[in-house]
Amino acid sequence: MGSALLEYMVENFLCPGLKQNWWISNTGLVMVLFGEVIRKSAIITAHRSVTHKIKIYHEDHHDLITHGIYRFVRHPGYCGFFIWAIGTQVMLCNPLCVVMFMVVTWHFFSSRIPYEEFFLRQFFGSRYDEYAQRVPSGLPFIK
């Protein structure tokens, strides 16, 4: 976020016209809102199964959620955050940070998803395999 603020301030000082593209800012705002709706839908749908830590042991309340937003993407929380993060930079008209946020968040999720799915396969077996075959991860180039 520090780099986003720095880019915004430097570009606003050197070329303020770049920051006055309202249609770009409004596109970013739509992305932020869309990403937030996806993420909150995931949290509401999965309820107690959502955590920030990857569970490596199955708990009684840990269910395989395949309804609601999870019918369309396996990792809607990650998908929503990805869209939201990039949208914040589009909204600020920060071209360098758009690319940087895209690369950094994608890299983070591209290593986290396979690790998390390893445990989901341990917990739910073929049910998770079938689900993963039908429903995309929700992030580009991550199966």
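Since the structure is predicted, the reported quantities are computational estimates derived from the model, not experimental observations. (Residues numbered from 1 in each chain as written. Predicted model: local features only at pLDDT ≥ 70, side-chain atom pairs only at ≥ 80, totals over all residues. Heavy atoms only, no water.)

> Go over the layout of surface pockets, please, and point to the residues and values.
Over the atoms, a rolling probe the size of a water molecule traces out where space has been left empty. Within this model, the largest pocket holds a volume of roughly 630 Å³. Taken together, 32 residues line the largest pocket, and the ones lying closest to its centre are V50, T51, Y70, Y78 and E116. If you list the elements that add at least two residues to the lining of the largest pocket, you get α2 (22-46), α3 (76-91), α4 (95-124) and α5 (126-134). Of all the elements, α4 adds the most residues to the lining of the largest pocket, at 8 residues. Its residues placed into classes, the lining of the largest pocket shows 19 nonpolar, 6 polar and 7 charged. (1 Å grid on protein atoms, 1.4 Å probe; cavity = no way out; pocket = protein on both sides within 12 Å on 5 of 7 lines; lining within 4 Å. Points joined across faces, edges and corners; volume = space filled by probe spheres on them. Helix = DSSP H or I, 4+ residues; strand = E, 2+ residues; numbered from the N terminus. Nonpolar A, V, L, I, M, F, W, Y, C, P; charged D, E, K, R; others polar.)

> Run through the confidence of the model for the protein chain, naming residues and quoting values.
On average, residues of the protein chain carry a pLDDT of 93, and 100% of them reach 70 or more. Between the elements of the protein chain, mean pLDDT differs from a low of 88, seen in helix α1 (residues 2-14), to a high of 97, seen in α3. (pLDDT = per-residue confidence, 0-100.)

> Please give an account of α3 that cites residues and values.
Helix length check: α3 (16 residues) gives 22 Å between terminal C-alpha atoms against 22 Å at 1.5 Å per residue, within 8%. Of all 16 residues that make up α3, 13 are buried, and the element is covered over most of its length. Taken from the residues just after α3, C93 is the one with a positive phi, measuring 55°. (Expected span 1.5 Å × (residues − 1). Buried < 20%, exposed > 50% of the residue type's maximum accessible area, 1.4 Å probe, protein only.)

> Go over the nonpolar core, please, and point to the residues and values.
Side chains that are nonpolar tend, in soluble globular proteins, to be buried together. Residues L64, Y70, L120, F123, F124, Y128 and Y131 are the most contacted members of the largest nonpolar core, which totals 14 residues. Listing elements by their share of this core, those giving two or more residues are α2, α4 and α5. Considering every element that reaches this core, the biggest residue donor is α4, with 4 residues. Sequence-distant contacts of Y131, defined by excluding residues within four places in its chain, comprise L64, I65, T66, Y70, V73 and R74. Within the second largest apolar cluster, 9 residues are counted, among which are F82, V90, F109 and I142. (Core = buried A, V, L, I, M, F, W, Y, C linked by side-chain atoms within 4.5 Å. Contact = heavy atoms within 4.5 Å.)

> Break down the UniProt feature "transmembrane region" (unreviewed entry) in the protein chain for me, with residues and values.
When the UniProt feature table is mapped onto this chain numbering, "transmembrane region" (unreviewed entry) sits at residues 81-109. End C-alpha to end C-alpha, residues 81-109 measures 10 Å, and it is 90% helix and 0% strand. (UniProt positions renumbered as here; feature names shortened; annotations may be inferred.)

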